[in-house]
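Notes for the structure review
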Amino acid sequence: MIPPPSSPAATPDLNLVPFPKIEPKLEPADDLHADVTAPTGPLEPFLPPPSPIFSPSPSPSPRIDPASGYDNSSLFAEYLRLAHLYASSSANHNPLSIIPAPPDPLASSPAVVSARKKRKPRSGEMVRASSMNVPDLLHFRDIVRRTRITFDSLRVFFHQEEEKGEAFEAIWGKRTRPDLKASTIMADHDLWLNRDRRIIGSIPGIGVGEIFFFRMELCVLGLHGQSQAGIDYVPASRSATGEPIATSIIVSGGYEDDEDSGLMLVYTGHGGRGPNMFKHSMDQKLEGGNLALERSMNYGIEIRVIRGIRSRHSPGGKIYVYDGLYKIVKYWMDVGKSGFGIYKYKLLRIEGQEEMGSDILKFAEELKVNPLSAKPTGYVSLDISTGTENFPVSLFNDIDDDREPSLFEYLCRPIFPAEAFQGKANADGGSGCACVSNCTVSCFCVMKNGGQFPYDSNGFLVRGKPLIYECGPSCSCPPSCPNRVSQKGVKHRLEVFRSNETGWGVRSLDLIRAGSFICEFSGIVLTSQQTEILASKGHCLVHPGQFPGRWIEWGDISDVNPEYVPPNYPIVPSLDFSIDVSRSRNVACYLSHSCRPNVFAQFVLFDHNNLSYPHVMIFAMENIPPLRELSIDYGVVDEPVEKLTM
């Protein structure tokens, strides 16, 4: 809980243990500790108890390679048969069976024991998620969504704490990347997913096209369990048959011999390079991940492919895009460009999946540069804001002849009634801060926020609050002040588009990071009396007081700190004003409704201090890929959303 201004700022006790420094190294060989580079830990089972939904993979889809004479189903059935024989022989101590792996020496070594919670290694049991009904899909989607929000909330929190400099080091110790701290704490609290079983194929709750800014997040979700290595696999020592099995790869251009054309890629095996080397300096060996890829090809096991793409929008200079499932159809030994022997694997994308996220990223960039060339038909307007927004807001409809959004006056800022700037409620807020340079924690406006900046240095919201005070026109601080974010307007290329499912919707041509400001709900702000009159006349009104408190989810770290209490200051009175969008509106009025939204409403004050008339600012709840529809929870169940905004 963030205390009121009269109390000292509270810092949640997260019991942080410093994360060990990770140095670049060769990809792990096939041994007992193939994944020790990532924090490990048991989970509350992500998979439910044995049910028809999850079962050992009985028979994968047919091999893509038409020239192959092998029967994929028979091969995988043979793998399962060998697995059962091996398990049975090991249980009976058959002297002819493969020797079971010895106990992990690190597990009992007192020199390695620390305050950090002891974690179990990842399981080697392999399962596949079969067809699921809608409730099951939503259940897993909610689990993944909650886990990602926790990760991002912790990461943003640590980033803000790290900016405190010496004060941070005194509390948390040696500085370490915020994403590593977040993943470590989540591992210590058993919040990493899919560690009790290895899922073959699609991960429930993670769709094709999802984008991640940090590689450790892939580990947290179980999409790719290696924090550095490009091949994730079940080592032979943990496999039921004593054979390594690959489950996922990351394609990021780390090897000079890789070839990637999207639907087909030639992946170079690991090994053969020294630390920090792009070129090979020795022959690769058919072991570890290389052997695992060959075994997965032999058994027809599909491989998850994640592409690492350079991006100036990512703190690490790279984003990770999940592009779906591929099958290995061929492998061979070749001489690489550096003159050394390398293993190559040809993978083909399985048909019938959603469009690749990497292709969508490329197409979105084309739309920003030359929309009419990328989409010759469908554009009604390239900018319905007529230059009033920081970036153009396009209008697209390739479904019918409806041009309705272009008929309204575009209003990028709401127009408040005179009483919002008058009276005691406004006077109590003071006249603003007197900071000469950027505000500090002792700033008057920061104290109104409970003694903490609501945003980090990159402008990301640290946690949702009932209300945020930004510095305004009566403040002396410059425009660069970190407490001026949402008032600066739209920061992304937004588009209003016609949809068969939601009527009109909103999407972004840019990748939007979780915690980012998106836009403001705009129109003519009405008093409660005006609301009653115009509602009876059928005007289209938006009622901010109906928005549920979804802000409470952003920054919620209760999963790692049971004593965490959501901010309850400043206290916002019951809101009875409305926003009339009958004649004037902006892009926010076309946001679709969802009970599982990817954006949320945050109340903000900056140009006046009347608690009864806050600005309704929209922030991202999660990472939103380009061209994905934005959705918000309007707080209604049965009433059509069109009645609220159309």
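For the structure itself, look to the data block above.
Residues numbered from 1 in each chain as written. Predicted model: local features only at pLDDT ≥ 70, side-chain atom pairs only at ≥ 80, totals over all residues. Heavy atoms only, no water.

**Observations regarding helix 7 (residues 289-299)**
For the record, the criterion: The classification of residues rests on relative accessible area computed with a 1.4 Å probe and restricted to protein chains. Under 20% of the type maximum is buried, over 50% is exposed, and intermediate values are partly exposed. Numbering of helices and strands runs from the N terminus, with a helix taken as a DSSP run of H or I at least four residues long and a strand as a DSSP run of E at least two residues long.
Most of helix 7 is tucked away, with 9 of its 11 residues classed as buried. Considered for burial, the residues of helix 7 that qualify are Gly289, Asn290, Ala292, Leu293, Glu294, Arg295, Ser296, Met297 and Tyr299. Count one or two residues on from helix 7 and you reach Gly300, which has phi positive near 70 degrees.

**Side note on the pairing of strand 25 (residues 615-620)**
The line we're drawing: Pairing between two strands is assigned when DSSP locates at least 2 bridges connecting them.
Taken across its 6 residues, strand 25 has 6 buried, putting it largely inside the fold. Burial of the side chains of strand 25 extends over both faces: His615, Met617 and Phe619 are buried on one face and Val616, Ile618 and Ala620 on the other. Where strand 18 (residues 517-520) and strand 25 come together, 3 bridges link them in antiparallel fashion. Considered in strand 25, the bridge of Glu520 is made with Met617. With 6 bridges connecting them, strand 24 (residues 599-605) and strand 25 associate as antiparallel partners.

**Thoughts on the sheet that holds strand 25**
The strand order across the open sheet formed by 4 strands is 15-24-25-18, and the pairing between neighbours is mixed. The outermost strands of the open sheet, each flanked by one partner alone, are strand 15 (468-469) and strand 18.

**Points about the packing of helix 3 (residues 134-162) against helix 5 (residues 178-188)**
The criterion, for reference: In this analysis an axis means a line fitted to C-alpha atoms, helices contributing only their contacting stretch, and an angle means the value between N-to-C directions, from 0 to 180 degrees. Our angle categories are set so that under 35 degrees counts as roughly parallel, over 145 as roughly antiparallel, 65 to 115 as roughly perpendicular, and the remainder as oblique. The sense of a crossing depends on the near helix, which, turned anticlockwise from the far helix by less than a right angle, makes the crossing left-handed and, turned clockwise, makes it right-handed. Throughout, a residue-residue contact means that at least one pair of heavy atoms, one from each residue, lies within 4.5 Å. Gly is placed with the polar residues, together with every amino acid not listed as nonpolar (Ala, Val, Leu, Ile, Met, Phe, Trp, Tyr, Cys and Pro) or charged (Asp, Glu, Lys and Arg).
Closest axis-to-axis distance for the helix 3/helix 5 pair is 8 Å, and the angle between their directions is 130 degrees. By the angle between their directions, the pair helix 3 and helix 5 is classed as oblique. Judged by the twist between their axes, the crossing of helix 3 over helix 5 is right-handed. Contact residues: Thr147, Thr150, Phe151, Leu154, Arg155, Phe158, His159 and Glu162 in helix 3; Pro178, Asp179, Lys181, Ala182, Ser183, Ile185 and Met186 in helix 5. The class makeup of the residues in the contact of helix 3 with helix 5 is 7 nonpolar, 4 polar and 4 charged.

**A look at the packing of aromatic side chains**
Counted only if it meets this: Only Phe, Tyr and Trp rings take part, Trp by its six-membered ring, and two of them pair if their centres are within 6.5 Å. Stacked means planes under 30 degrees apart, edge-to-face means over 60, and tilted covers everything else. The criterion is that NZ of a Lys, or CZ of an Arg, lies within 6 Å of the ring centre and within 35 degrees of the ring normal, and then a charge sits over that ring.
Inspection of the entire model under this criterion finds 12 aromatic pairs. Measuring from ring centre to ring centre gives 5.0 Å for Tyr379 and Phe396, while their planes differ by 70 degrees; the resulting arrangement is edge-to-face. Taken as a pair, Tyr379 in strand 12 (residues 379-381) and Phe396 in strand 13 (residues 393-396) lie far apart in primary sequence, 17 residues in all. In terms of burial, Tyr379 and Phe396 fall into one category: buried. Each ring, one from Phe521 and one from Phe547, has its centre 5.7 Å from the other, and the planes form 50 degrees; the classification is tilted. On the criterion of sequence distance, the pair formed by Phe521 in the loop between strand 18 and strand 19 (524-526) and Phe547 in the loop between strand 20 (541-542) and strand 21 (578-580) is long-range, its members being 26 residues apart. Assessed through its relative accessible area of 10%, Phe547 is described here as buried. Clustering of aromatic rings is evident, with ring pairs tying together Tyr455, Phe517, Phe600 and Phe619. The ring of Trp332 carries Lys330 above its face, with NZ or CZ at 5.0 Å from the centroid. A cation over an aromatic ring shows up here: Arg585 above the ring of Phe408, its NZ or CZ 3.7 Å from the ring centre.

**Re empty space enclosed by the protein**
To keep things clear, this is the line we draw: Using protein atoms alone on a 1 Å grid, points that fit a 1.4 Å probe yet trap it form a cavity, whereas open point sets bounded by protein on both sides within 12 Å along at least five of seven lines form a pocket; residues with an atom within 4 Å of a point count as lining. Grid points are joined across faces, edges and corners, and a volume is the space filled by probe spheres set on the points.
All told, the structure shown has 6 cavities of 30 Å³ or more when counted by the stated rule. In this structure, the largest cavity spans a volume of roughly 80 Å³. Of the residues that constitute the lining of the largest cavity, the class distribution is 4 nonpolar, 4 polar and 6 charged.

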